[in-house]
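# Descriptive structure summary
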Amino acid sequence: MSDSPRVDSPADLPTDPPADLADAASAANASPHSLPDTVSTTATATASLDLSLPDTLRDVERAAAAKLPPHTLMARAGAAIAHWLYGRLPALASAGRQPVLLLAGPGNNGGDAYIAARELHRRGVLIDVWQLSPPSADDARWALGEALAAGVPVQPAPTTWPQPTAYAWIVDGLFGIGLSRPLDGAAAALVDNIAYAHAEGTPVLAIDIPSGLLAATGMAGGPVIQADATIAMIGACPGLFTGIGRDVAGDVLVATLGAHDAFAEVPARSPIATIAPDAFRTHLPHRHHASHKGSYGSLTVLGGFDGMVGAPMLSARTGLMSGAGRVYVGFVAHDAPAWDPVHPELMLRHAESLDLATMQAVSVGPGLGTSAASAACLSRALALDDTPLVIDADALNLLAAEPALAERVRRRAGPTVITPHPLEAARLAGCDVARIQSDRLASARALAQHFGATVVLKGSGTVVDDGATTWINTTGNAGLATAGTGDVLTGVIGALLAQGMPATQAALAGVWIHGRAAERCVREGAGPAGLTASELLPAIRTELAELLNDSARGAQRVASPRGIRGGGN
């Protein structure tokens, strides 16, 4: 036994919200889903959230626990869960007249649930604890003993479910970040019952991660808990923000449990973070009075085979709305339009007539097709050894089909951004979509290192990887699941490259702004169902303007002289 003071006594548990319970959705600029009274998730949040793979979090937990009395981290975790949940209980539940159900698995997630049950019970909340199986870890066995000693009722999980609205909340402590296989058997049946109760209106809080979701990848091969909120302990895993994680995790918060310093004691791994303006703000293309259209670069969009001229037009229009000084469209089709009645500022040409060497950036691929003429157009773009290049859509399909073209991308000296959706990524990697989606982070990293490029692997929780660092985007919504939105993204990134942003920062900014624009459109009543790619353009311009204005105000604050006061002081 340790001689240190017990950390599980009531005096040691928080009476105010834990200071280290941080709103990860705010840090990641994610929109709140359904829960009231969470920490602000306003659009002004600018900090990226560092993410950790499960092995890293386990190493950090061990390093932190080694410096603390036994069971300290579990006591803190249970207290954080109980405190957060108590503030969100309906009046009947906080008065002890409607129960809260906590589900406990065999590991430390179950232990956290036992301690949370104990603390809620001490506050007068009516508690039911359903045990999927007895604890298998020392901390969890201690936690079960604490709950039983406090009078918390614990019973094996029944095979039938009571009335679906019987509980005020359900707390998922079944499985944590160590899960590596699909749920089956009794666990799967229990998750299905929880899904029924959730569909009938019972809110669900997940501890660490919704059970059934794979923490590293955001995938699930079987049933998975649908949570309204997730409290991740010590740190958050990538799976909460990509794949199906964004659909099932709800609002994500992180309770650091006082263990943040332990990250410094764990061997460094490849960094992973969410995208936020702090990742690209210093590279944004600021506007100056003493400037002209040439100051903001010339962008060419190459594509538009027969019947697909709309795709490069979308990209080019977006390039204009994203600040490029001049924007050209180079069509492969010979019967392409001579001018754009919506944006006559665009300069439309046949692709072979454009002098690409005079451009500050080139985007190739929207509507390009895969004909011999299409391949020749891509080849001309790849001849620009130093010009920043965005490769998208059919240009990626050509790279997959013609190894010689792919090798030219690998040999390029200039910055390259490739923007595949999962099917295009599968073609580039020579595998199927399921393989790409099974580990989106690893897939993006492999492509980035293979091509020597910044990769934007599109999808829910778009992954950006430059071969050394991985970012996951948390902006956007289902409105982006419509034709043309990828062409719009290509136009944003191309315009930012033309204005001088480095490739990785242009990709990060483009992806983040693109998602924010979709959120703005939905807030204003356009979508998500029925949102069109064209509707994103003015919203993109507004989002970019707000970023630039915020950045300019920040620069003015830094530049303001200090210590100058009126009145002779």
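Not measured: the values here are computed from a predicted model. (Residues numbered from 1 in each chain as written. Predicted model: local features only at pLDDT ≥ 70, side-chain atom pairs only at ≥ 80, totals over all residues. Heavy atoms only, no water.)

## As for the environment of Ala506
Operational definition: A helix here means a DSSP run of H or I that spans at least four residues, while a strand means a run of E at least two residues long, and both kinds are numbered starting from the N terminus. Contacts are residue-level and defined by heavy atoms, with any inter-residue pair within 4.5 Å sufficient.
Take Ala506: it is sitting in helix H17 (residues 503-523). The spatial distance from the C-alpha of Ala506 to the C-alpha of His283 is 8.3 Å, given a sequence separation of 223 residues. Those residues in contact with Ala506, other than ones at most four positions away along the chain, are Ile493, Leu496, Leu497 and Met501.

## A word on the pairing of strand E14 (residues 361-364)
Defined as follows: The cut-offs for exposure are 20% and 50% of the maximum accessible area for each residue type, with area from a 1.4 Å probe on protein chains only; residues under the lower value are buried, those over the upper are exposed, and the others partly exposed. Strands are treated as partners if at least two bridges between them are detected by DSSP. Consider the strands pointing away from the viewer: the crossover is right-handed when the path from the first strand over the helix to the second runs clockwise.
With burial as the criterion, each face of E14 is covered, one bearing Ala361 and Ser363 and the other bearing Val362 and Val364. Two elements, strand E11 (residues 298-303) and E14, share four bridges in a ladder whose sense is parallel. Within the sheet, the bridge partner assigned to Leu299 lies in E14 and is Ala361. Here E14 pairs with strand E15 (residues 389-391) via three bridges, running parallel. Within the sheet, the bridge partner assigned to Ser363 lies in E15 and is Val390. Note that the unit made of E14, helix H10 (residues 372-382) and E15 has a crossover that is right-handed.

## Focus on the packing of aromatic side chains
Rule in force here: Each pair of aromatic rings taken from Phe, Tyr and Trp, with Trp reduced to its six-membered ring, is defined by centres within 6.5 Å and is described as stacked if the planes are under 30 degrees apart, edge-to-face if over 60, and tilted in the remaining cases. Sitting over a ring, as applied to charges here, requires NZ of Lys or CZ of Arg to be within 6 Å of the ring centre and within 35 degrees of the ring normal.
Going through the model one piece at a time under the given rule, you end up with three aromatic pairs. With centroids separated by 5.9 Å and ring planes inclined at 85°, the aromatic side chains of Trp84 and Trp169 adopt a geometry described as edge-to-face. Of this pair, Trp84 sits in helix H3 (residues 72-86) while Trp169 sits in the loop between strand E5 (154-156) and strand E6 (170-173); the two residues are 85 residues apart in sequence, bridging distant segments of the chain. Among the residues examined, Trp84 registers a relative accessible area of 4% and is labelled buried. Taking the relative accessible area as the measure of exposure, Trp169 reaches 4% and is therefore buried. Here Phe280 and Trp512 contribute two aromatic rings whose centre-to-centre distance is 6.0 Å and whose plane-to-plane angle is 55°, an arrangement assigned as tilted. Note that Phe280 is positioned in the loop between strand E10 (272-274) and E11 and Trp512 in helix H17, a separation of 232 residues in sequence. Note on accessibility: Phe280 and Trp512 belong to one class, buried. Over the ring of Tyr86 we find Arg123, and its NZ or CZ is 5.0 Å from the ring centre.

## Comments concerning helix H12 (residues 403-411)
In plain terms, the rule: In this context, the arc is that of the directions from the helix axis out to the C-beta atoms.
All buried positions along H12 are accounted for by Leu405, Ala406 and Val409. Along the axis of H12, the buried positions cluster into a sector of 100°, meaning they face one direction only. Facing away from the buried side of H12, by more than 90 degrees, are the exposed residues Pro403, Ala404 and Arg411. Contacts from the buried residues of H12 go to H10, E15, helix H11 (394-401), strand E16 (416-418) and helix H15 (440-451).

## Some details on the pattern of salt bridges
Stated precisely, the cut-off is as follows: Think of a salt bridge as a Lys or Arg side-chain nitrogen and an Asp or Glu carboxyl oxygen that are within 4 Å of each other.
On inspection of all chains with the given rule, the structure shows 16 salt bridges. As a salt-bridge pair, Arg58 and Asp55 come within 2.5 Å of each other at their nearest N and O atoms. On the criterion of helical spacing, the pair formed by Arg58 and Asp55 is a turn pair, its members being three residues apart in helix H2 (residues 54-65). In this structure, Asp59 engages Arg269 in a salt bridge whose closest nitrogen and oxygen atoms are separated by 3.2 Å. Remark: Arg269 occurs in the loop between strand E9 (251-255) and E10 and Asp59 occurs in helix H2; sequence separation between them is 210 residues. Look at the salt bridges and you will find they share partners, linking Arg118, Glu119, Arg122 and Glu146 into a network.

## Details of the UniProt feature "binding site: K(+)" (unreviewed entry) in the protein
Quick reminder of the rule: UniProt positions are given in the numbering used here, feature names are shortened, and annotations may be inferred rather than shown by experiment. Pairs of N or O atoms are called polar contacts if they sit within 3.5 Å, as long as, within protein, a hydrogen donor faces a hydrogen acceptor (for residues adjacent in sequence, only side-chain-to-side-chain pairs).
In the UniProt entry, the feature "binding site: K(+)" (unreviewed entry) is given for Asn109, Asp172 and Ser211. Across 103 residues in sequence, these annotated residues keep their C-alpha atoms within 9.8 Å of one another, forming a single compact spot. Inspection of the secondary structure puts Asp172 in strand E6. Take Asp172: its relative accessible area is 0%, and that puts it in the buried class. Excluding residues that lie within four positions of it along the chain, Asp172 makes contacts with Leu103, Val204, Leu205, Ala206, Ile207, Ile209, Pro210, Ser211 and Ile225. Relative to the helices and strands, Ser211 resides in the loop between strand E7 (204-207) and strand E8 (229-233). Those residues in contact with Ser211 that lie beyond four places of it in its chain are Asp172, Leu174, Phe175, Leu183, Pro223, Val224 and Ile225. A polar side-chain atom of Ser211 sits 2.7 Å from a polar atom in the side chain of Asp172.

## Details of the nonpolar core
Definition in use: The set of buried Ala, Val, Leu, Ile, Met, Phe, Trp, Tyr and Cys residues whose side-chain atoms join them within 4.5 Å is what this entry labels a nonpolar core. Boundaries of every domain are those given by an automatic assignment or by a domain database.
Counting 104 residues, the largest nonpolar core has Val100, Ile391 and Leu399 as its most contacted members. The dominant element in this core, judged by the number of residues it contributes, is H3, at nine residues. Of the domains in this structure, domain 1 (39-269) and domain 2 (278-554) are the two that each give at least three residues to this core. Ignoring sequence-local partners within four residues, the contact set of Ile391 consists of Val364, Leu382, Leu396, Leu399, Val409, Thr416, Val417, Ile418 and Thr419. Counting residues in hydrophobic clusters, the runner-up holds 54 residues, among them Val329, Val464, Ala498 and Ile513.

## Examining the sheet that holds strand E17 (residues 454-457)
Here eleven strands make up an open sheet; going across it, the order is E2-E10-E19-E18-E17-E16-E15-E14-E11-E12-E13 and the pairing mixed. Edge positions in the open sheet fall to strand E2 (50-51) and strand E13 (347-350), since each of these has one partner strand only.

## Examining the pairing of E8
By the criterion of burial, E8 is predominantly enclosed, with five of the five residues buried. The alternating pattern of E8 places Ala229, Ile231 and Met233 and Thr230 and Ala232 on opposite faces, both of which are buried. Sheet analysis places E7 next to E8, joined by three bridges and oriented parallel. Paired with Leu205 across the two strands is Ala229, which belongs to E8. Where E8 lies against E9, five bridges are found, and the strand directions are parallel.

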